[in-house]
Amino acid sequence: KSSHETSETSDCEDRIKRVIDTKKGPIKALPRELSIFNSDDDDVTKYSSCDDLTYHLEAGEMRDAYNARGIYTGSISRKDQVPHGMGTMKYHLQGRSYEGHWFYGHWHGLGKITNANGDVYVGLVVKDLREGRGKLYYSDGRVFEGTFEQDDPVKGTLLFPDGSRYVGELHNGCRHGLGTYYFTDGSMYQGQTVMNVFEGKGKMTWTDGGWYEGEWLRGEIHGYGTEVRPDGSVRHKGQWNKGVPIRN
C-alpha cells in the first residue's frame, strides 16, 4: 500500500466511527464456527473471537450483501454471517477488491476500491456507493479529488498526466458545468463546459495577456463576445462564427 493511501486511511479512523453504527441488530449465540457454508472440511484455525457482535475470519470464502463472493479477511457479523467492521474482500468474478469498513455486508465508511480496469478509489463509501469526499486514481493517469454523489464525481479538482488541471463541476467523469481549466502553457478558460467541450458562456485568457469573453459552441468561439488584444485594444466586439469575427 502506498504511503499516501495509508495516511488518508489512518487520518480518518476516528471520524469514521460517526459514520457506522456497529451496534445495530440483536446479539445472538455464537454459531458453529467452521464456515458460513458449514462444510466439514474447513480449517477452524481461520477463525478467532473478536467481540460479542463479530468474529475474525482469515482468508476465507465469504459473500457480501449481494451474494457476490470472494476471499475475505476481517471482521464477520455473528448474526448475519457477512462482513461487518474492518476487512478486505478480493472478489472472484468482478476482478475487483474492497478494503475498509463494512456494515452488514455493505461497503460503508472509509474504504479503498480497486476495479478490474485499474481505477482506484480511496475515500468515503455509503451503502456500496462512493459518497462524500474521496480521491480517484484513474488507470490512464488522471487523478480526481473532491466530492462524490451517488458514485459519481461531481465537484473538485481533476489533474491530467500532461500537467493541466480542471477545477469545477463534473458528470460521469467528464468536465461538465461551471469550472476553470488550466492549460500547461499558462492559458486559462473559465466558464461553462459540456461533456469536456467548452460550450455556453466563458472567458479564455491567453499567456500573452489577450483574452476573449463571450459565447462558445462545441469548443469554438461562436455567438456574441469580445476579444481584447494584449495591449488592451479591442480586436472585435460582436458576433462570431466558429472562431471568425463577423464584421458589418
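Calculation criteria
Residues numbered from 1 in each chain as written. Predicted model: local features only at pLDDT ≥ 70, side-chain atom pairs only at ≥ 80, totals over all residues. Heavy atoms only, no water. Helix = DSSP H or I, 4+ residues; strand = E, 2+ residues; numbered from the N terminus. Buried < 20%, exposed > 50% of the residue type's maximum accessible area, 1.4 Å probe, protein only. Contact = heavy atoms within 4.5 Å. Areas by Shrake-Rupley, 256 points an atom, 1.4 Å probe, with all protein chains shown as cover. Core = buried A, V, L, I, M, F, W, Y, C linked by side-chain atoms within 4.5 Å. Pairing = 2+ DSSP bridges. Salt bridge = Lys/Arg side-chain N within 4 Å of Asp/Glu carboxyl O. Polar contact = N/O pair within 3.5 Å; in protein donor to acceptor, adjacent residues only side chain to side chain. Phe/Tyr/Trp six-rings, centres within 6.5 Å; stacked < 30°, edge-to-face > 60°. pLDDT = per-residue confidence, 0-100.

Moving on to the overall build of the protein. Secondary structure summary: the protein contains one helix and 18 strands in total. By residue count, 41% of the 248 residues in the protein fall in the buried class. Taking the intrachain contacts of the protein between residues at least 6 apart in sequence as the baseline, contacts between residues at least 24 apart amount to 15%. Counting every atom, the protein has about 13500 Å² of accessible surface; 50% of that belongs to carbon and sulfur.

Attention now moves to the nonpolar core. Within the largest apolar cluster, 30 residues are counted, with the highest numbers of intra-cluster contacts made by Tyr72, Trp102, Trp107, Phe144, Leu158 and Trp216. Tallying contributions element by element places strand β2 (residues 54-63) first for this core, with three residues.

In this section: the pairing of strand β12 (residues 174-182). Relative to β12, strand β11 (residues 165-171) runs antiparallel, the two sharing six bridges. Considered in β12, the bridge of arginine 165 is made with tyrosine 182. As paired strands, β12 and strand β13 (residues 188-194) are joined by six bridges and run antiparallel to one another. Bridge pairing links tyrosine 182 to methionine 188 in β13. Where β12 folds back onto β13 in an antiparallel hairpin, the turn is made up of five residues, including glycine 186, whose phi is positive at roughly 100°.

So, about the pattern of salt bridges. As a working rule, side chains carrying opposite charge can pair if their charged atoms are close by. One pass over the full model with this rule turns up five salt bridges. Across the salt bridge formed by aspartate 80 and lysine 79, the nearest N and O atoms sit 3.2 Å from each other. Exposure remark for lysine 79: the relative accessible area of 36% places this residue in the partly exposed category. A salt bridge links lysine 135 to glutamate 145; its shortest N-O distance comes to 3.9 Å. Of this pair, lysine 135 sits in strand β8 (residues 129-137) while glutamate 145 is found in strand β9 (residues 143-149), placing the two residues 10 residues apart along the sequence.

Turning our eyes to something else, we now look at the side chain of glutamine 81. Within the secondary structure layout, glutamine 81 lies in the loop between β3 (69-77) and β4 (83-91). Classification of glutamine 81 as buried rests on a relative accessible area of 14%. Among the polar contacts made by the side chain of glutamine 81, one reaches the main-chain carbonyl oxygen of arginine 78 at a distance of 3.2 Å.

So, about the packing of aromatic side chains. Considering all chains together, one arrives at 16 aromatic pairs under this definition. A ring pair is formed by tyrosine 72 and tryptophan 102, whose centres lie 5.7 Å apart and whose planes are at 90°; its orientation type is edge-to-face. With tyrosine 72 in strand β3 and tryptophan 102 in strand β5 (residues 97-103), the pair connects residues that are 30 residues apart, well separated along the chain. Here the aromatic rings of phenylalanine 144 and phenylalanine 148 are separated by 5.4 Å at their centres, their planes lie at 80°, and the arrangement is edge-to-face.

A few words on the side chain of serine 77. Here serine 77 shows up in strand β3. A residue is classified by how much of its surface remains accessible, and serine 77, at 1% relative accessible area, is buried. A polar contact is formed between the side chain of serine 77 and the backbone nitrogen of lysine 79, at a distance of 3.3 Å. Ignoring sequence-local partners within four residues, the contact set of serine 77 consists of Leu53, Thr54, Val82, His84 and Tyr104.

For strand β10 (residues 152-159) and β11, the ladder comprises five bridges, and the chain directions are antiparallel. Within β11, the residue paired with lysine 155 across the bridge is glutamate 169. Taking the residues between adjacent antiparallel strands as the criterion, β10 and β11 are bridged by five residues, where glycine 163 takes a positive phi near 100°. From the end of β11 to the start of β12, which pair antiparallel, there are two residues, and asparagine 172 there has a positive phi angle of about 55°.

We now examine unusual backbone geometry. Of note, the phi angle at lysine 127 is positive, near 45°, even though the residue is not glycine. Within the fold, lysine 127 resides in the loop between β7 (120-126) and β8.

Right, let's talk about the environment of histidine 106 for a bit. With respect to the helices, strands and loops of the structure, histidine 106 is situated in strand β6 (residues 106-114). As for histidine 106 and proline 83, which are separated by 23 residues in sequence, their C-alpha atoms are 7.6 Å apart. Residues contacting histidine 106, with those up to four places away along its chain left out, are Ala65, Tyr66, His101, Lys127 and Asp128.

Now for the confidence of the model for the protein. Summary statistics for the protein give a mean pLDDT of 85 and a share of 79% for residues scoring 70 or more. Overall, residues 1-45 carries pLDDT values under 50, and its contacts beyond four positions in sequence, including any with other chains, amount to 60 contacts.

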